[in-house]
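# Reading the structure
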Amino acid sequence: MLDKIKETAEFIKGKASGEMPRTAVILGTGLGSLVDFMTEKQYIPYSEIPNFPVSTVEGHSGNLIFGVLGGKRIIAMQGRFHYYEGYDMKQVTFPVRVFKALGVDTLFVSNAAGGMNKEFKVGDVMVITDHINLFPENPLRGKNYNELGPRFPAMTEPYSHELIAKADKIAEVQGIRLMHGVYVGTPGPTFETPAEYEYFRIIGGDAVGMSTVPEVIVARHGDMRVFGVSVITDLGGKDITDVPSHEEVQLAAQKAQPTVVKLITEMVSSL
Ligand code: HPA
């Protein structure tokens, strides 16, 4: 694994011109338009990157994009690898290992999620304050490489309190309705049954989705700072009969896109 990470990082360093970014952004469902606000862009398709899996899902194109956002150099990951696609946890989280090897110390993650919190509306943007890992496997299972992080990493502050406070300030100034909540990470690909949404709410979840948690675990293993946002694309619970679909999720995420783009751009700019 160490050799693979090194090989991939070396390849990327050889391709990307300019200073290596300290910030990486994983673009979730329907949030790809952040790329439109980047300048000095340089695309590296996943298909060209050694050891990178290739993204398969509709609405996710696979590129690493180096460029400038809000005056800062970033790496954007356009399209992520989901566990439900059949990738194993090491593949899902491999890009985060490579980011760390490239010198990235701050990771931004975004996703689409179903809301269980009764205060939430479709289109709300939720800062992830914590998560509950319900994936069947932890990405750190197996041999630990001390070079990458400790055997038993603390998860006391999975999402940086400092970055959350920064987001709240930006939201106040920009007039963004910014919710806070706990993200429940599930393997998917099924959306939840009404009883499952209810169960996730009762155990402390505010939103549920099929990504993010593995990447955040690996980022924290490597001692990166993490900031995460969910776009609430549908609502679930025992009294909610709406049927969520991939199309509806994409559409709702697209509508919230300008807000998320504004928030992330301001956050990156202020680092
Ligand atoms: N459940 C799981 N994942 C999701 C949902 C949901 O309701 N909405 C968007 N991603």
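It should be noted that the structure appears before, not after, this text.
Structural notes, computed from the coordinates. (Residues numbered from 1 in each chain as written. Predicted model: local features only at pLDDT ≥ 70, side-chain atom pairs only at ≥ 80, totals over all residues. Heavy atoms only, no water.)

### Side note on the site of the ligand
Around the ligand sit A112, A113, G114, F191, E192, Y197, V208, G209, M210, T233, D234 and V249, and that is every residue in its neighbourhood. Between the ligand and Y197 there is a distance of 2.6 Å, counted from an oxygen atom to a side-chain nitrogen or oxygen. At 2.6 Å, a side-chain N or O of D234 approaches an oxygen atom of the ligand. Burial of the ligand by the surrounding chains reaches 96%, relative to a free accessible area of 260 Å². Among the detected pockets, the ligand sits in the largest pocket. Of all the secondary-structure elements, those providing two or more residues to the shell around the ligand are β5 (106-115), β8 (207-209) and β9 (225-235). It is β5 that contributes the most residues to the shell around the ligand, 3 residues altogether. (Near = heavy atom within 4 Å. Polar contact = N/O pair within 3.5 Å; in protein donor to acceptor, adjacent residues only side chain to side chain. Areas by Shrake-Rupley, 256 points an atom, 1.4 Å probe, with all protein chains shown as cover. 1 Å grid on protein atoms, 1.4 Å probe; cavity = no way out; pocket = protein on both sides within 12 Å on 5 of 7 lines; lining within 4 Å. Sits in = over half its atoms within 2 Å of the grid points. Helix = DSSP H or I, 4+ residues; strand = E, 2+ residues; numbered from the N terminus.)

### Concerning the pairing of strand β7 (residues 178-185)
Where a strand is regular, its side chains alternate between the two sheet faces. For β7, the buried fraction is high: 7 of the 8 residues fall into the buried class. Where strand β6 (residues 125-133) meets β7, 8 bridges bridge the pair, whose relative direction is parallel. Bridging from a neighbouring strand, I132 pairs with V184 of β7. One ladder, built from 3 bridges, connects β7 with β8; its direction is parallel. Opposite G185, over in β8, you have G209 as the bridge partner. (Buried < 20%, exposed > 50% of the residue type's maximum accessible area, 1.4 Å probe, protein only. Pairing = 2+ DSSP bridges.)

### Some thoughts on the environment of A76
Structurally, the position occupied by A76 is in strand β4 (residues 72-78). Its relative accessible area of 0% is what places A76 among the buried residues. The sequence separation of A76 and G14 amounts to 62 residues, and the corresponding C-alpha distance is 17 Å. Aside from chain neighbours lying at most four places away, what touches A76 is V25, L27, M38, N63, L64 and I65. (Contact = heavy atoms within 4.5 Å.)

### Re helix α2 (residues 89-102)
Between its first and last C-alpha, α2 extends 20 Å over 14 residues, near the 20 Å set by a 1.5 Å rise per residue. At P95, α2 shows its largest bend, some 35°. Counting buried positions along α2 gives 10 out of 14 residues, so the element sits mostly inside the fold. Those residues of α2 hidden inside the fold are in contact with α1 (2-15), β1 (23-27), β3 (63-69), β4, β5 and α5 (213-221). The N-cap of α2, judged by a side-chain oxygen 3.0 Å from the amide nitrogen of K90 a few residues on, is D88. Of the residues one or two after α2, G103 is the one with positive phi, at around 105°. (Expected span 1.5 Å × (residues − 1). Bend = angle between axes of the 7 residues up to and from the residue.)

### Comments concerning the pattern of salt bridges
The full count for this structure, using the stated rule, is 10 salt bridges. Residues R22 and D105 are paired through a salt bridge, measuring 2.6 Å at the closest nitrogen-oxygen approach. Remark: D105 occurs in the loop between α2 and β5 and R22 occurs in the loop between α1 and β1; sequence separation between them is 83 residues. Ionic pairing is found between R177 and D124, a salt bridge with its closest N-O pair at 2.8 Å. Highlighted residues: R177 in the loop between α3 (161-174) and β7 and D124 in the loop between β5 and β6, separated in sequence by 53 residues. For D124, a relative accessible area of 5% puts it in the buried group. Through salt bridges that share partners, E198, R201 and K238 make up one connected network. (Salt bridge = Lys/Arg side-chain N within 4 Å of Asp/Glu carboxyl O.)

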